[in-house]
Amino acid sequence: MFGLHRRQPSDNQLTLNLSQLDKTARATVGSKAALLGELMKVGVAVPPGFVITTDAYRQLINGHQLGEAIAARLRGLRADDGRTIQTRAIEIERLIANQSPSPRLLTAIRTAYADLAQPAGQTLVAIRSSVVVPGDQSDRATAHSATLLNVDGAEAVLAGVRHAWSALLAPTALVDWLKRGIDPTTVGLAVIVQRMVAADRAGVLYTDDPANTDRSTMVIEAAYGLGAVVTGGLIT
């Protein structure tokens with residue numbers, strides 16, 4: 001069985017509204033999504049959205065022997081063997097792309113998106129990963145998080161979710177998991193879907209200096225337009 005969390009999820013565990021979340025939900029939705037829920041609870045203006053839980057990811061991976069096929073390709077990998085990691089990561093991406101989510105999971109995602117898109121029936125969304133790493137190391141996993149902006153429509157959302165699932169086992173992610181001694185099959189993934197904001201300006205507040213992890217210093221970086229140019233390191 002792929003991953004640590006092995007119970008069979010029910011419908012209401014496959015997707016959750018961000019407003020339902022707090023820090024106690026980290027194991028199910030990851031720190032990123034859980035903290036968005038905390039911000040909502042204290043009145044911060046967080047764009048509405050939902051999260052596809054780690055239960056949904058594990059339901060997909062554990063279906064039809066997909067987990068066993070992925071584990072077989074991860075077996076024996078070394079962090080210094082870049083060529084093999086690249087090959088196996090491509091194989092894993094194809095396995096995930098070819099795996100059909102259960103009708104229950106598809107319905108849960110489509111329903112959550114339809115609720116978010118009301119009353120227009122369609123809305124632009126952002127899709128982001130929320131990683132759950134054993135030993136509470138999720139804050140060090142942001143480099144392996146997928147981000148897609150201006151995703152339009154339910155089918156595009158489903159494709160974006162697949163991309164996020166695949167990114168968890170991309171080559172750079174696999175190298176990092178192996179270097180840190182983390183079994184990739186124990187890493188969980190939730191996927192955040194939020195309504196897009198047409199931002200004039202956006203930025204990031206780092207509560208410790210990202211250049212030297214100095215926790216006595218906070219750093220704000222901002223830019224015109226969407227914040228992806230800041231979080232992606234294009235503007236510093």
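See the structure shown above.
Description of the structure in this document. (Residues numbered from 1 in each chain as written. Predicted model: local features only at pLDDT ≥ 70, side-chain atom pairs only at ≥ 80, totals over all residues. Heavy atoms only, no water.)

**Concerning a nonpolar patch on the surface**
Thinking step 1. Together, Leu39, Val42 and Val44 line one region of the surface with nonpolar side chains, adding up to about 260 Å² of accessible area.
Thinking step 2. Secondary-structure assignment places Val44 in the loop between helix H2 (26–41) and strand S2 (49–52). (Patch = residues over 30% accessible without salt bridge, like charges linked within 9 Å, V, L, I, M, F, W, Y side chains within 5 Å. Areas by Shrake-Rupley, 256 points an atom, 1.4 Å probe, with all protein chains shown as cover. Salt bridge = Lys/Arg side-chain N within 4 Å of Asp/Glu carboxyl O. Helix = DSSP H or I, 4+ residues; strand = E, 2+ residues; numbered from the N terminus.)

**Considerations on helix H3 (residues 54–61)**
Thinking step 1. Taking burial as the measure, the 8 residues of H3 include 8 buried ones, the bulk of the element.
Thinking step 2. What H3 keeps buried is the set Thr54, Asp55, Ala56, Tyr57, Arg58, Gln59, Leu60 and Ile61. (Buried < 20%, exposed > 50% of the residue type's maximum accessible area, 1.4 Å probe, protein only.)

**Things to note about the sheet that holds S2**
Thinking step 1. Here we have 5 strands laid out as an open sheet, ordered S1-S2-S5-S3-S4, and antiparallel in their pairing. One side of each edge strand has no neighbouring strand; the edge strands of this open sheet are strand S1 (15–17) and strand S4 (147–152). When strand polarity is set aside, the average angle formed by the axes of neighbouring strands in this sheet is 25°.
Thinking step 2. Here 3 bridges tie S1 to S2, and the two strands are oriented antiparallel to one another. Note that in S2 the partner of Asn17 across the bridge is Phe50.
Thinking step 3. Sitting on the sheet, helix H7 (residues 154–167) is in contact with S2, strand S3 (124–132), S4 and strand S5 (188–195), with an inclination near 145° to S5. (Pairing = 2+ DSSP bridges. Axes fitted to C-alpha atoms, helices over the stretch in contact; angles between N-to-C directions. Contact = heavy atoms within 4.5 Å.)

**Let's talk about helix H5 (residues 82–98)**
Thinking step 1. With 17 residues, H5 extends 24 Å from end C-alpha to end C-alpha; this agrees with the ideal 24 Å at 1.5 Å per step.
Thinking step 2. Packed against the buried residues of H5 are H3, helix H4 (66–74), H7 and helix H8 (171–179). (Expected span 1.5 Å × (residues − 1).)

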